[in-house]
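One-letter residues, chain by chain:
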Amino acid sequence: MIERIWSGKSWLYILLLPLSFLYGLITKIRHVGYKTGLFRSWKAPIPVVVVGNLTAGGNGKTPVVIWLVESLTQQGIRVGVVSRGYGGKSENYPLILKHDTTTEAAGDEPVLIYHRTKVPVAVAPKRSDAIKALISNFQLDIIITDDGLQHYALQRDYEIVVIDGQRRFGNGWWLPAGPMRERAGRLETVDALIVNGGVPQENEILMSLHGNVAVNLLTGEKRSVQELHSVIAMAGIGHPPRFFTSLADKGISLVRTYAFSDHQPYSQQQLISLADDSHNLLMTEKDAVKCQSFAQSNWWYLPVDAKLEQFGEKRILSEIKSLI
């Protein structure tokens, strides 16, 4: 229902407009307060790059963070990543991730980024605390913050916004009547716009997600995803239909699909009930980091990588490197 409301296919958004106006007012007051110095913000001693979005729900932000971290690291730049750690409940903050840090403590996206990139990652509700922890323990040249476009208590040197090329901004209203955290006019002030799929508009850099090799959660075996038979797909991400559609585009005939809410925790029994031994359960990498400890032999995940059009990729990397 919420997808229909946010996409403009239902008039019920009208009932939520009073709450949206309140949300928008609070957002504007905070933005102006930090911009004018009425509210205090913190400036890190090294450059900070924010990768965020204007809308709620999955836009492909985490693959962009991973792409950016890997691209900068390959050029000899020492990168750290900070996140709010949404969905995690650590006993102590800031939390610097280790190889055995759980998603229950840190959240699924920070754990995924840590295991994919192998760079220092820290989480804290107050992102400045996470940055201070990283620069106290590691020699770093730059910080990438996963999400946090609206976290104005942290000053930033470069802003990247990721846009869903299919859904874009829905009906254009603030939460909860629409998907917007801020209105589209905010795009005029950011440094780079990356559009995930669809047709890029002016000044937008086209991105696509690529991944064709499935990985077995239990054994680590890698296999072309087309080699998997009797596939049942599941996804607990911001927009599960994107994952299911991508599998169909690869020619995979799905027996069933299961969509879960974003950041949802899983239990072994819950997922075992989705697919018996005669089927393969295929999930996203974000789901997999939450299931590793109780994985079964017929569970697989599909890692994806962000690919940007060449000119835009070079521009973003050049502009960020100039900050260091």
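Residue positions within a chain follow its written sequence, with the count starting from 1. Restriction of local features to residues with pLDDT of at least 70 applies here, the model being predicted, together with a cutoff of 80 or more for giving and counting side-chain atom pairs; totals for whole chains, interfaces and linings are based on all residues. Excluding hydrogens and water, the side-chain figures rest on all heavy atoms present in the structure.

## Quick look at the nonpolar core
When a protein is soluble and globular, its nonpolar side chains tend to lie buried together. Counting 37 residues, the largest nonpolar core has L68, L72, I144, I160, I316 and I320 as the members making the most contacts within it. Among the elements that line this core, the one with the most residues is helix α3 (residues 61-74), at seven residues. Here, nonpolar core refers to any group of buried Ala, Val, Leu, Ile, Met, Phe, Trp, Tyr and Cys residues whose side-chain atoms link them within 4.5 Å. Relative accessibility under 20% of the residue-type maximum defines a buried residue, over 50% an exposed one, and the middle range a partly exposed one, all with a 1.4 Å probe and only protein chains included. Core analysis: the next-biggest nonpolar cluster, separate from the first, contains 23 residues, V82, A130, I163 and V190 among them. Strands here are runs of E lasting at least two residues and helices are runs of H or I lasting at least four, both read from the DSSP assignment and numbered beginning at the N terminus.

## Focus: the packing of α3 against helix α5 (residues 108-117)
Note on geometry: axes are lines fitted to C-alpha atoms, helical ones only across the stretch in contact, with angles between N-to-C directions running from 0 to 180 degrees. Remark: α3 packs on α5, axes separated minimally by 10 Å, with the N-to-C direction vectors making an angle of 30°. The angle between α3 and α5 places the two elements in the roughly parallel class. In terms of crossing hand, the pair formed by α3 and α5 is right-handed. Where α3 approaches α5, its residues K61, T62, V65, I66, V69 and E70 are matched on the opposing element by E109, L112, I113, R116 and T117. Roughly parallel covers angles under 35 degrees, roughly antiparallel covers those over 145, roughly perpendicular covers 65 to 115, and oblique covers all other angles. Helix crossings are classified by the rotation of the near helix relative to the far one: an anticlockwise turn of less than a right angle makes the crossing left-handed, while a clockwise turn makes it right-handed. Here, two residues are considered to be in contact whenever any of their heavy atoms come within 4.5 Å of each other.

## Observations concerning the environment of R181
Position of R181 relative to the elements: it lies in the loop between β6 (158-164) and β7 (192-196). The sequence separation of R181 and K61 amounts to 120 residues, and the corresponding C-alpha distance is 15 Å. Once you skip the residues sitting within four places of it in the chain, R181 turns out to touch Y23, T27, N53, L54, T55, A56, D147, Q150, W174 and L175. Polar contacts, as used here, are pairs of N or O atoms within 3.5 Å; protein pairs need one atom able to donate a hydrogen and one able to accept it. Residues neighboring in sequence count only if both atoms are side-chain atoms. For R181, the side chain forms a polar contact with the side chain of N53, separated by 3.0 Å.

## A look at the side chain of N298
Take N298: it is sitting in the loop between α9 (285-288) and β14 (299-302). On the accessibility criterion, N298 (8% relative accessible area) is buried. For N298, the side chain forms a polar contact with the main-chain oxygen of H279, separated by 2.9 Å. Once residues within four sequence positions are removed from consideration, N298 is found in contact with A275, D276, D277, H279, N280 and L281.

## As for the sheet that holds β7
One open sheet accounts for nine strands, arranged β3-β4-β2-β5-β1-β6-β7-β8-β15; its pairing is mixed. At either end of the open sheet lies a strand with only one pairing partner, and these are β3 (95-96) and β15 (305-308). Two strands make a pair as long as DSSP finds a minimum of two bridges between them.

## Some thoughts on the UniProt feature "binding site: ATP" (unreviewed entry) in the chain
UniProt positions are given in the numbering used here, feature names are shortened, and annotations may be inferred rather than shown by experiment. The feature "binding site: ATP" (unreviewed entry), as given by UniProt, occupies T55, A56, G57, G58, N59, G60, K61 and T62 in the numbering adopted here. Its location among the elements puts G57 in the loop between β1 (48-52) and α3. Assessed through its relative accessible area of 32%, G57 is described here as partly exposed. Sequence-distant contacts of G57, defined by excluding residues within four places in its chain, comprise R167 and G238. Tracing the chain through its elements places K61 in helix α3. K61 gets classed as buried once you look at its relative accessible area, which sits at 8%. Sequence-distant contacts of K61, defined by excluding residues within four places in its chain, comprise V51, G52, N53, E109, D146, D147 and V162.

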